[in-house]
Amino acid sequence: LGMSLADIILGPDSPQYEGQLDQRPCRPHTSSKNQGGADMETADCVVIGAGVVGLATARAMARKGREVLILESEDAFGTATSSRNSEVIHAGIFYTHGSHKERFCIEGRDKLYAFCDAYGITYKRTTKLVYATDDSELPGLKKLQDHAAESGVYMTWMSRADAQRIEPNLHCAAALHSPLTGIVD
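This write-up is about the structure you can find in this document. (Residues numbered from 1 in each chain as written. Predicted model: local features only at pLDDT ≥ 70, side-chain atom pairs only at ≥ 80, totals over all residues. Heavy atoms only, no water.)

Overview of the overall build of the protein
Working step 1: Helix and strand counts for the protein stand at five helices and 10 strands.
Working step 2: Per-residue burial for the protein yields a buried fraction of 28% across its 185 residues.
Working step 3: Expressed as a percentage of contacts within the protein between residues at least 6 apart in sequence, the contacts between residues at least 24 apart total 54%.
Working step 4: Approximately 11,900 Å² of the protein is accessible, and the part contributed by carbon and sulfur atoms is 55%. (Helix = DSSP H or I, 4+ residues; strand = E, 2+ residues; numbered from the N terminus. Buried < 20%, exposed > 50% of the residue type's maximum accessible area, 1.4 Å probe, protein only. Contact = heavy atoms within 4.5 Å. Areas by Shrake-Rupley, 256 points an atom, 1.4 Å probe, with all protein chains shown as cover.)

Observations concerning unusual backbone geometry
Peptide bonds are mostly trans, and most non-glycine residues show a negative phi.
Working step 1: One non-glycine residue, Glu-87, lies in positive phi territory at about 70°.
Working step 2: Positionally, Glu-87 belongs in the loop between strand E4 (68–71) and strand E5 (88–89).

Regarding the pattern of salt bridges
Working step 1: One pass over the structure, following the stated rule, counts four salt bridges.
Working step 2: For Glu-107, the salt bridge is made with Arg-103, and the minimal N-O distance between the two is 3.3 Å. Residue Glu-107 and its partner Arg-103 are located together in helix H3 (residues 100–119), separated by four residues, close to a single helical turn.
Working step 3: Accessibility expressed as a relative area gives 36% for Glu-107, which makes it partly exposed.
Working step 4: A residue is classified by how much of its surface remains accessible, and Arg-103, at 40% relative accessible area, is partly exposed.
Working step 5: Notably, a salt bridge pairs Arg-109 with Asp-110, separated by 2.9 Å at the nearest N-O pair.
Working step 6: Overall, the relative accessible area of 41% leaves Asp-110 in the partly exposed class. (Salt bridge = Lys/Arg side-chain N within 4 Å of Asp/Glu carboxyl O.)

With respect to the packing of aromatic side chains
To describe a pair of aromatic rings, one takes the distance between the centres and the angle between the planes.
Working step 1: Scanning the model with the defined rule gives two aromatic pairs in all.
Working step 2: Ring centres of Tyr-113 and Tyr-123 lie 4.9 Å apart, and the angle between their planes is 55°; on these two criteria the pair is classed as tilted. One end of the pair, Tyr-113, is in helix H3; the other, Tyr-123, is in strand E6 (residues 123–124), with 10 residues separating them in the sequence.
Working step 3: Ring centres of Phe-115 and Tyr-119 lie 4.6 Å apart, and the angle between their planes is 40°; this geometry places the pair in the tilted category. Taken as a pair, Phe-115 and Tyr-119 lie in helix H3 at a separation of four residues, close to a single helical turn.
Working step 4: Overall, Phe-115 belongs to the partly exposed group, its relative accessible area being 21%.
Working step 5: Note on Tyr-119: relative accessible area 40%, which makes it partly exposed. (Phe/Tyr/Trp six-rings, centres within 6.5 Å; stacked < 30°, edge-to-face > 60°.)

Thoughts on the pairing of strand E9 (residues 174–178)
Working step 1: Most of E9 sits out of view: five of its five residues are buried.
Working step 2: Here E9 shows a buried face lined by Ala-174, Leu-176 and Ser-178 and a second buried face lined by Ala-175 and His-177.
Working step 3: Pairing between strand E7 (residues 128–132) and E9: five bridges, direction antiparallel. Its bridge partner lying in E9, Lys-128 is registered against Ser-178. (Pairing = 2+ DSSP bridges.)

Some remarks on a nonpolar patch on the surface
Working step 1: On the surface, Val-46, Ile-48, Leu-69 and Leu-71 cluster together into a nonpolar patch covering about 380 Å² of accessible area.
Working step 2: Of note, Val-46 is situated in strand E3 (residues 45–48). (Patch = residues over 30% accessible without salt bridge, like charges linked within 9 Å, V, L, I, M, F, W, Y side chains within 5 Å.)

What to know about the sheet that holds E9
Working step 1: Judged by pairing direction, the sheet is antiparallel, and its three strands sit side by side in the order E7-E9-E8 without closing on themselves. In this open sheet, the two strands that pair with only one neighbour each are E7 and strand E8 (156–159). On average, each strand axis in the sheet is tilted by 30° relative to the strand beside it, whichever way the strands run. (Axes fitted to C-alpha atoms, helices over the stretch in contact; angles between N-to-C directions.)

Re the nonpolar core
Working step 1: Residues Ala-91, Ile-93, Ile-106, Val-130, Ala-132, Leu-141, Leu-144, Ala-148, Val-153, Met-155, Ala-174 and Leu-176 constitute the largest nonpolar core, which totals 12 residues.
Working step 2: Elements that contribute at least two residues to this core include exactly E7, helix H4 (138–150) and E9.
Working step 3: With three residues, H4 is the single largest residue contributor to this core.
Working step 4: When neighbours within four sequence positions are excluded, Leu-176 is seen to be in contact with Lys-128, Leu-129, Val-130, Leu-141, Leu-144, Gln-145, Met-155, Thr-156 and Trp-157.
Working step 5: In this structure, Met-158, Ala-163, Leu-170 and Cys-172 belong to the second largest nonpolar core, which totals five residues. (Core = buried A, V, L, I, M, F, W, Y, C linked by side-chain atoms within 4.5 Å.)

Have a look at this one:
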């Protein structure tokens, strides 16, 4: 169908794919015998891995009427790579301009917030302070602010007093406030 994994997970209902996933009729669940006479289960699709990506892919296919079989080597779902996720929604502040990492972080952040809103998934925009510990670090902080802005990630310059209103125990010369950083559980 020419769909990327992101399209399958986040946007299979978009107009460019209208009706394509529904063209093949669903078949009822069946089982058959293999050459040795043992029962074999059948399904429209098999997803290997019951982590975040595997479960999201299986969900998308099941919502389109496909019978999905999920294969997982662990004792429970989400216990391998997905369980190592820090749950941080990164704003996209530090990445090299034009890199895939920068593009995917920024697009992914926006899509993740939208997905959470659409499906009632709890998240918190915790925000983030990036700070200069003394005056000698202020030029570097300004450079970081400019770098982030060139990527479309806008951070507010804060004086020491402003930053301490957010975090009273912070000892800094100045700080940048990132309103787009968050966490999702």
